Amino acid sequence: MVSHGMRTGSDGLMCKIGPSILNADLSDLFSESQKLLDNGADYLHLDVMDGHFVPNLTFGHPVVKCLRRKIPEAFFDMHMMVAKPDKWINPIAEAGANQYTFHLEAAEDALELIRQIRETDMRVGIAIKPGTCVESVLPFVDKVDMVLIMTVEPGFGGQSFMKDMMPKIQLLRSKFPDLDIEVDGGVGPNTIDLCAEAGANMIVSGTAVTTSDDPRRIISSLRHSVEEAIQKSRLER
């Protein structure tokens, strides 16, 4: 499937901004999603919650399938906050998703899960909650495409950013200079510099973008911070 804005090039790490539509108007998901893409989003971050792994319910593969029909080109990054991530791999793949990000805490056999996701041709992301040590994800980094560091407890939008998660990003970036590292939770203009300087290059921003009168300006501001940090790190290498 052709991806929207998720290029990989010979110049290494790239900044990618993927707004979360969790706090957008879900009754008009297509228009909200298209507006975000038109305003500069590189991808869409879609939060699937099952009411078990997290105490909230959102949407599942039928909604993703409908959205894919309306938006054929965009890159869909599925954040699977579900108790049984193996159960939803095929339905989500068939719905047209590009990346399947599962939580390490929910995986009985992470390597087998990664293998199953790869078989569907989706990219693989692995996420950890704030209470999970970053060392637990290290054995899997070379087998996935992206690591997601949560900077809030997953389950609800609009929470306060946890800056004490930045050392996790710093450790990953120091060990894996070209890894896609995503940050999600309370990220906006006031917290982006912390994320960028720690080494995050994939930025999920929810309410800061979706509730803004000028989402293009917010997305552009987030991008500027990350690209500056990437450039600085290249010069320091």
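Just so you know, these numbers come straight off a predicted model, no measurement behind them.

Draft legend 1. Main features of the overall build of the chain. In terms of regular secondary structure, the chain is built from eight helices and eight strands. Against the 2.2 N^0.38 benchmark of 18 Å for 237 residues, the chain shows a C-alpha radius of gyration of 16 Å, consistent with a compact globule. Here the C-alpha coordinates of the chain stretch approximately 45 × 40 × 35 Å along the principal axes. Looking at the chain residue by residue over its 237 residues, the buried ones come to 54%. Expressed as a percentage of contacts within the chain between residues at least 6 apart in sequence, the contacts between residues at least 24 apart total 66%. Surface accessibility of the chain: about 10700 Å² in total, with carbon and sulfur atoms responsible for 49%.

Draft legend 2. View of the sheet that holds strand 8 (residues 202-204). Taken in spatial order, the eight strands make up an open sheet running 1-8-7-6-5-4-3-2, and their pairing is parallel. The open sheet has two free edges, formed respectively by strand 1 (16-17) and strand 2 (44-49), since each of these has just one partner strand. Here strand 5 (residues 123-128) pairs with strand 6 (residues 146-150) via four bridges, running parallel. Counterpart to G125 in the pairing with strand 6 is M146.

Draft legend 3. Fine view of the pairing of strand 5. The element strand 5 is extensively covered by neighbouring structure, given that five of its six residues are classed as buried. By the bridge criterion, five bridges tie strand 4 (residues 99-103) to strand 5 in an arrangement that is parallel. If you follow T101 over to strand 5, its bridge partner there is G125. After leaving strand 4, the chain enters helix 4 (residues 110-119) and then returns to the sheet as strand 5, a path that is right-handed.

Draft legend 4. Structural view of the confidence of the model for the chain. In this model, the chain carries an average pLDDT of 93, and 95% of its residues clear a pLDDT of 70 or more. Low pLDDT, under 50, characterises residues 1-5; the predicted model gives this stretch 15 contacts beyond four residues in sequence or across chains.

Draft legend 5. Inspection of helix 1 (residues 29-38) at higher detail. Taken as a whole, helix 1 has its buried residues at L29, E32, S33, L36 and L37. Considered in projection along helix 1, the buried side chains sweep an arc of 135 degrees and stay on one side of the axis. Buried residues belonging to helix 1 abut strand 2, helix 2 (61-70), helix 7 (207-210) and helix 8 (215-236).

Draft legend 6. The environment of P72, seen in detail. Tracing the backbone through its elements, the reader meets P72 in the loop between helix 2 and strand 3 (76-81). You can call P72 partly exposed: its relative accessible area is 47%. Spatially, the C-alpha atom of P72 lies 8.6 Å from that of G96, the residues being 24 residues apart in sequence.

Draft legend 7. Spotlight on the side chain of E32. When you line up the elements, E32 lands in helix 1. For the buried E32, which has no salt bridge, the nearest side chain bearing the opposite charge is K35, at an N-O separation of 4.4 Å. Residues in contact with E32, not counting those within four places in the same chain, are A24 and D25.

Draft legend 8. Structural detail: the pattern of salt bridges. Inspection of every chain in the model, using the stated rule, returns eight salt bridges. The residue K16 makes a salt bridge to D180 at a minimum N-O spacing of 2.9 Å. With a gap of 164 residues between them, K16 in strand 1 and D180 in strand 7 (residues 180-184) connect regions that are remote in the sequence. The class for K16 is buried, based on a relative accessible area of 2%. One salt bridge connects R118 with D145, and the closest N-O pair in it is separated by 2.9 Å. With R118 in helix 4 and D145 in the loop between strand 5 and strand 6, this residue pair connects regions lying 27 residues apart in the sequence.

Calculation notes
- Residues numbered from 1 in each chain as written.
- Predicted model: local features only at pLDDT ≥ 70, side-chain atom pairs only at ≥ 80, totals over all residues.
- Heavy atoms only, no water.
- Helix = DSSP H or I, 4+ residues; strand = E, 2+ residues; numbered from the N terminus.
- Rg over C-alpha atoms; globule rule 2.2 N^0.38 Å.
- Buried < 20%, exposed > 50% of the residue type's maximum accessible area, 1.4 Å probe, protein only.
- Contact = heavy atoms within 4.5 Å.
- Areas by Shrake-Rupley, 256 points an atom, 1.4 Å probe, with all protein chains shown as cover.
- Pairing = 2+ DSSP bridges.
- Right-handed = clockwise from strand over helix to strand, strands pointing away.
- pLDDT = per-residue confidence, 0-100.
- Arc of directions from axis to C-beta.
- Lys, Arg positive; Asp, Glu negative; His and termini not counted.
- Salt bridge = Lys/Arg side-chain N within 4 Å of Asp/Glu carboxyl O.

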